[in-house]
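Report on the structure
What follows is each chain in one-letter form.
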Amino acid sequence: MAREPEKKRQEDFGTEFEEKVLYINRCSKVVKGGRKFSFSALILVGDGEGHVGYGFAKANEVSDAIRKGSDAARKNIYTIEMEGTTIPHEIYVEWDGAKVLMKPALPGTGIVAGSKVRSVLELGGVKDVIAKNLGSNNPLNQVKAIFRAIQGLKNRKQYLEERKGNHV
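Here's a quick rundown of the structure.

Calculation rules
Residues numbered from 1 in each chain as written. Predicted model: local features only at pLDDT ≥ 70, side-chain atom pairs only at ≥ 80, totals over all residues. Heavy atoms only, no water. Helix = DSSP H or I, 4+ residues; strand = E, 2+ residues; numbered from the N terminus. Buried < 20%, exposed > 50% of the residue type's maximum accessible area, 1.4 Å probe, protein only. Contact = heavy atoms within 4.5 Å. Pairing = 2+ DSSP bridges. Axes fitted to C-alpha atoms, helices over the stretch in contact; angles between N-to-C directions. Phe/Tyr/Trp six-rings, centres within 6.5 Å; stacked < 30°, edge-to-face > 60°. Salt bridge = Lys/Arg side-chain N within 4 Å of Asp/Glu carboxyl O.

If you tally the helices and strands in the protein chain, you get four helices and eight strands. Listed N to C, the secondary structure of the protein chain is β-β-β-α-β-β-β-β-α-β-α-α in terms of helices and strands. Structurally, the protein chain occupies a C-alpha span of about 70 × 35 × 35 Å along its principal axes. For the protein chain, buried positions account for 39% of its 168 residues. A separation threshold of at least 6 residues defines the contact pool for the protein chain, and within that pool the share at least 24 residues apart is 59%.

Below, the structure written as structure tokens:
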């Protein structure tokens, strides 16, 4: 019985969210009159207190793509399970071609990670973690892998209580 990942909206939290543009892609289509450009934007939002979200949107103007991505990110917020300033346990996740390995670290270590993982964890409020991107360098797949890893993190006490309840 798998539980549904916790998706929440910005309104559910009483904190102010910081926004970061992670990636903008320009796409062109050749039409009769010349080239027609469109843009896609990958946006992160987070409050630095364990809540982070991402949004991906496309539009004909960069500013419109960023605005739409920001709106999508604020509707798609996840809570990071933390133990002090780090994550509770090691986790390895694959999403499409992207693979992400995250390990807890001692206080004072900082975030030892690539740019996409670092951005997500900084906005989420994690201070000490060691992470490695393996496989894909596609920003959207990396971010989706990171968020799948965040959803897979479990609180130790809660996990032990679940195990006690299931073992009769």
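The next subject is the sheet that holds strand S5 (residues 91–95). Here we have four strands laid out as an open sheet, ordered S5-S6-S8-S7, and mixed in their pairing. On the outer flanks of this sheet lie S5 and strand S7 (111–112), each paired with one strand and no other. Two strands pair when backbone bridges link them, and strand S6 (residues 98–104) and strand S8 (residues 129–135) are joined in this way by seven bridges, in the antiparallel orientation. Bridge assignment links Lys103 to a residue of S8, and that residue is Ile130. Strands in contact with helix H3 (residues 139–152) are S5, S6 and S8; relative to S5, the strand with the most contacts, it is inclined by about 140°.

Tracing the chain through its elements places Ser40 in strand S2 (residues 34–46). Taking the C-alpha atoms as reference, Ser40 lies 26 Å from Ile80; in sequence the two are 40 residues apart.

In this section: the sheet that holds strand S4 (residues 77–79). Spatially, the four strands line up as an open sheet ordered S1-S2-S3-S4, and their pairing is antiparallel. The strands lining the two open edges of the sheet, one partner per strand, are strand S1 (18–31) and S4. This sheet shows a mean twist of 15° between the axes of neighbouring strands, independent of strand direction. Bridge count between S2 and strand S3 (residues 51–59): eight bridges; the pairing is antiparallel.

Another aspect to go through is the packing of aromatic side chains. To describe a pair of aromatic rings, you give the distance between the ring centres and the angle between the ring planes. Under the counting rule described, the total for this entry stands at two aromatic pairs. Relative to Phe147, the ring of Tyr54 has its centre 4.8 Å away and its plane inclined at 50°; by these criteria the two rings are tilted. Pair noted here: Tyr54 is in strand S3 and Phe147 is in helix H3, with a separation of 93 residues, a long-range link. Across the pair, Phe147 and Tyr54 agree in class, each one buried. Pairwise contacts between aromatic rings join Tyr54, Tyr78 and Phe147 into one cluster.

The pairing of S1 with S2 spans 13 bridges and is classified as antiparallel. Counterpart to Cys27 in the pairing with S2 is Ser38. The turn linking S1 back onto S2 is made up of two residues.

A pair can form between side chains of opposite charge whenever their charged atoms are brought close. Under the definition given, this model contains three salt bridges. The partner of Glu19 in a salt bridge is Arg74, with the nearest N and O atoms 3.0 Å apart. One end of the pair, Glu19, is in strand S1; the other, Arg74, is in helix H1 (residues 62–74), and 55 residues separate them in sequence. Judged by its relative accessible area of 36%, Glu19 falls in the partly exposed class. In this structure, Arg67 engages Asp64 in a salt bridge whose closest nitrogen and oxygen atoms are separated by 3.8 Å. Here Asp64 and Arg67 lie together in helix H1, a separation of three residues that amounts to about one turn. Of the residues examined, Asp64 reaches a relative accessible area of 30% and is grouped as partly exposed.

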